[in-house]
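# Coordinate analysis (summary)
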Amino acid sequence: MAISMLFAVLLAAVSFGESSYIDYNTTGGIVRGKINVHLVPHSHDDVGWLKTVDQYYVGANNSIRGACVQNVLDSVISALLDDENRKFIYVEMAFFQRWWRQQSRKLQNRVKELVNSGQLEFINGGMCMHDEASTHYIDLIDQTTLGHRYIKDEFGQTPRVGWQIDPFGHSAVQAYLLGAELGFDSLFFARIDYQDRAKRKDEKTLEVVWQGSKSLLSTSQIYTGIFPRHYDPPDGFVFEINDISPPIQDDVLLFDYNVEERVNDFVAAAISQRTNHIMWTMGTDFRYQYANSWFRQMDKLIHYVNKDGRVNALYSTPSIYTDAKNAANEIWPLKKDDFFPYADHPNAYWTGYFTSRPAFKGYVRMMSSYYLAARQLEFFQGRKGSGPNTDALADALAIAQHHDAVSGTQRQHVAADYALRLSIGYLEAEEMVSSSLALLAESRLSTRPANPVTKFHQCPLLNISYCPPSEAALSDGKSLVVVIYNPLGWKREEVIRIPVSTERLTVHDSSGKEIESQLVPLVNASFNIRNFYVKAYLGKSPSKTPKYWLAFLASVPPLGFSTYIISSAKQTGASSTISKVWASEGNTNSTIEVGQGSLKLLYSADDGKLTHYLNSRSLVTAFAEQSYSYYSGNDGTDKDPQASGAYVFRPNGTFPIKSEGQVPLTVMRGPILDEVYQKLNPWIYQVMRIYKGKEHAEVEFTIGPIPLDDGIGKEITTQIKTTLKTNKTFYTDSNGRDFIKRIRDYRADWDLQANQPVAGNYYPINLGMYVQDDSMELSVLVDRSVGGSSLVDGQIELMLHRRLLHDDIRGVGEVLNEEVCVGDRCEGLTIRGKLYIRIDPVGEGAKWRRTFGQEIYSPLLLAFAEQDGNNWMDSHLPSFSGLDSSYALPNNTALITLEELENGKLLLRLAHLYETGEDKDYSVMATVELKKLLPNMKITKVTETSLSANQERRKMEKKRLIWKVEGSSEEPKVVRGGPVDPAKLVVELAPMEIRTFLIDFDRIPVYSS
């Protein structure tokens, strides 16, 4: 009977219903007094992850994942052109550029109309959606500038909104520098700690005003929206062609008519968020490959939901949503500091990726500093319309900042692709750098050739003791010329170390004066790495075997170079001092003192351990130890299947690494530096260096291959221990910029349940970290991104390397087990890196951290040439500085961009290095004299811009949205640098301020005739 009734109802519907074309009304905008549901169509397109960037673009390698960004953009543009009410946002310019190049002029013009009408809006606008933990602020600025310049040049648009929806935690630098200083009105993201999200949802504080800078405060704050769930739509509203959400079936002649049901589902989901304006992110990873499957359903939802009338639905963008929130004139909660670390589960802290793929992280940092120096030299020679340049390196570095690139969370073949792109970019930039240095050096010639004749060579594998130009035997009256370029704005005196093959050598400086030098014997650990990795990188074995490191003290002017000549010593003359070797075997002294200058380190002769740090100048005397240990990676076989992997750090116990057997302590002593060699086991080797004129210790560590034969993945850490009473408090940097106070087992925004007391206290480190008590402070600086913590008072712990056996089930689907192969031989990755340690009286450490931190980021650039006879100084300029000879940048200021653009303008960025109150001498207003910074230019116009140089700063500030913030009346006044007087041309910089300028100029010839 029931079946008969149902059949009768259906028959009636078919008999009397009418199926016809429906003109869906999607024209509506915001309706006051109603809940407005902003539908924001988007596709999150990773610039590399499981597949390479080009594989994702063209849709190759689909056995891994069926993703094709080309299809996304083709399909979306077609759907937008079909209906003027539809909208879409796009983020990753690395993909959009690829697509744009392949389009006809006719279609490009139609797309420009979509952009101008607001149907297609560029959001974020960098080349990629960058990581926020493992990135340096200069790289973040550069990759964003590249994307913003493209959008401005091609479309005349300036992005308004930050869209960092997928990075695994969020930095303070992202908020104020890569947000407010870009002119963004808002910032949106999805990933925050699961405990933090639960509290914010309950208290309705998912939307805040975020002040990321303690120095700039409200002058650089940004409205920030955190999604209540992930960056996908609510359940039941995902409409990719293969997704399972029920479509709206509104044809009365077809079964399963469900308009009322779907409208009710929509209204219920909207009401549950309890606010007048709701953003639904309509998309997720690599969606809209068939865009009509989405837009058809959204057209229907908007039409029927608005006919129902309980809530209002509209096509929207984050910009429209931001304006609506601002118009509400509400008072917003204030957020400070950052959103690290991120956990999505009680045992899943995403703090392993702070260290994952440490060699790649080091390579990205190395290429970043090289790019900064190369752009300076490109400017000094004048940017050319043809020939080698820095563009390929810029593109490669930009996509390497992606949140699955430098983070170390990509698959192995993708990591290799990123590295290959960097290598290709480096080779072209290297050619340009050599050409520029030759051009500058040859400016003394009476008739300077159009193309320089000097051939310089560089040594990118110096880290593994490989430098063919310096290893060549010096015979037949030949000498080695070393040109040393300093990309910083102040004079530097640093020890240079290069491998050489002979003993009796002399070093002469730019004035022809012989200077002191020292030979340090190469050790077996260096030979082993050198031989294996040179063949791995270059496909061939080294042709020569160096015997020593030659060390000498170089003095290099700001933004300039000095020349040093290395020659074979005469039989009767002076030559380099060979280090004296001291071994602890058979020694009767209980203490070994190392160091020739103010700094001395004391070691125990019994066990070879560091015991004390002494500085005779600062009168610091401190107990100090350094050790290594490893965490065993959890394999996920207990009650919780969470393993340690590329993203997640979940330790399963910690184990100290002790010397295997009685390993003797070996000390090399000399007039320039002392070195302490320690081999802990077959896969950990360390050299501690103390330079005579420096007051820090340099630790060069070599780790790997990490053994897995016991079936246990390992995460290698080092600890620096003191007796400082630090009260659970330590400080870590934010992207190499501000330092943020951390307290063990504590979060300022919620009551932390510390399920993982180790992993939950790890933070990202790009510059360094420090601890302090009432009398002293211990600082450790790093040469790449690592994870670190202070798990015990007075101690700093850094994770240096990871090799694991299980995937952490976060999508990458591959174990973090890096190997390097030569022929049929494969072994686990070995890494070599550096740490820098210093102990100061409390309040004195910032000077070293800031100054030396810049020198770590921007190492001296070495170029080598060969000369016959002794005529180099007669025919070449022995030294050069791009600054006025009487000038250097203030000690609290850095030049972070000097780049000649294709339009002939100069892009200049200056950064204050200190925070308010960080240092009693340097946390003050700084001034830079442009006439002396750029003495060989006639400056005709200076325009201050946003951080990415895509709009005038003055206009940006005028249109900045004003937000009411809780407790804002209590804020101290912030004074920023004032306008630049066109006559005086002096730039002021307040603490932590970065100012960006576009400069019109004419060159003044600098070459002698």
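Placed above this text is the structure.
Right, let's walk through the structure included here.

## Quick word on the environment of Arg909
- Secondary-structure assignment places Arg909 in strand β47 (residues 906-912).
- You can call Arg909 buried: its relative accessible area is 0%.
- In sequence terms Arg909 and Ile994 are 85 residues apart; their C-alpha atoms lie 6.9 Å from each other.
- Residue contacts for Arg909: discarding those within four places in its chain leaves Ile141, Asp142, Thr145, Ala894, Leu895, Ile896, Thr897, Leu947, Ser948, Ile994, Arg995 and Thr996.
- Polar contacts involving the side chain of Arg909 include one to the side chain of Thr897, which spans 2.9 Å.
- Here the side chain of Arg909 touches Thr996 through a polar contact of 3.4 Å, side chain to side chain.

## A short note on helix α3 (residues 69-82)
- For α3, spanning 14 residues, the distance from its first C-alpha to its last is 20 Å, which sits close to the expected 20 Å at 1.5 Å a residue.
- Along α3, the residues that are buried comprise Val69, Val72, Leu73, Ser75, Val76, Ile77, Ala79 and Leu80.
- Turning to α3, the residues buried within the fold contact α2 (53-58), β2 (88-90), α4 (93-101), α5 (105-117), β3 (120-122) and α10 (292-308).

## A word on the sheet that holds strand β8 (residues 277-282)
- With parallel pairing, the 3 strands of this open sheet are ordered in space as β8-β1-β9. One side of each edge strand has no neighbouring strand; the edge strands of this open sheet are β8 and β9 (312-315). Each strand axis lies, on average, 25 degrees off the axis of its neighbour in the sheet, ignoring direction.
- In this structure, strand β1 (residues 36-41) lies alongside β8, joined through 6 bridges in parallel fashion. Across the sheet, residue Pro41 finds its bridge partner in β8, namely Met282.
- On the sheet, helix α9 (residues 259-271) packs against β1, β8 and β9 and is oriented at approximately 120 degrees with respect to β8.
- The strands that α10 touches are β1, β8 and β9; relative to β9, the one it contacts most, it runs at about 145 degrees.

## Considerations on the packing of helix α12 (residues 358-381) against helix α13 (residues 391-400)
- With their axes 10 Å apart at the nearest point, α12 and α13 run at an angle of 140 degrees to one another. Taken together, the axes of α12 and α13 lie oblique to each other. Judged by the twist between their axes, the crossing of α12 over α13 is left-handed. Residue-level contacts link Phe360, Val364, Met367, Ser368, Tyr370 and Tyr371 of α12 to Leu393, Ala394, Leu397 and Ala400 of α13.

## Observations regarding empty space enclosed by the protein
- Scanning all chains against the criterion turns up 12 cavities of 30 Å³ or more.
- As a volume, the largest cavity reaches approximately 130 Å³.
- If you trace the largest cavity, you find 16 residues lining it, with His136, Leu767, Gly853, Gln854 and Tyr857 closest to the centre.
- No other element matches helix α17 (residues 845-857), which puts 6 residues into the lining of the largest cavity.
- Broken down by class, the residue content of the lining of the largest cavity amounts to 6 nonpolar, 5 polar and 5 charged.
- One number sums up the size of the second largest cavity: a volume of about 80 Å³.
- Forming the walls of the second largest cavity are 13 residues, and the residues nearest its centre are Leu610, Tyr613, Ala624, Ile720 and Ile837.
- At the level of secondary structure, the elements contributing two or more residues to the lining of the second largest cavity comprise β25 (610-615), β27 (625-633) and β43 (831-841).

The rules behind these values
Residues numbered from 1 in each chain as written. Predicted model: local features only at pLDDT ≥ 70, side-chain atom pairs only at ≥ 80, totals over all residues. Heavy atoms only, no water. Helix = DSSP H or I, 4+ residues; strand = E, 2+ residues; numbered from the N terminus. Buried < 20%, exposed > 50% of the residue type's maximum accessible area, 1.4 Å probe, protein only. Contact = heavy atoms within 4.5 Å. Polar contact = N/O pair within 3.5 Å; in protein donor to acceptor, adjacent residues only side chain to side chain. Expected span 1.5 Å × (residues − 1). Pairing = 2+ DSSP bridges. Axes fitted to C-alpha atoms, helices over the stretch in contact; angles between N-to-C directions. Parallel < 35°, antiparallel > 145°, perpendicular 65-115°, else oblique. Left-handed = near helix turned anticlockwise from the far one by under 90°. 1 Å grid on protein atoms, 1.4 Å probe; cavity = no way out; pocket = protein on both sides within 12 Å on 5 of 7 lines; lining within 4 Å. Points joined across faces, edges and corners; volume = space filled by probe spheres on them. Nonpolar A, V, L, I, M, F, W, Y, C, P; charged D, E, K, R; others polar.

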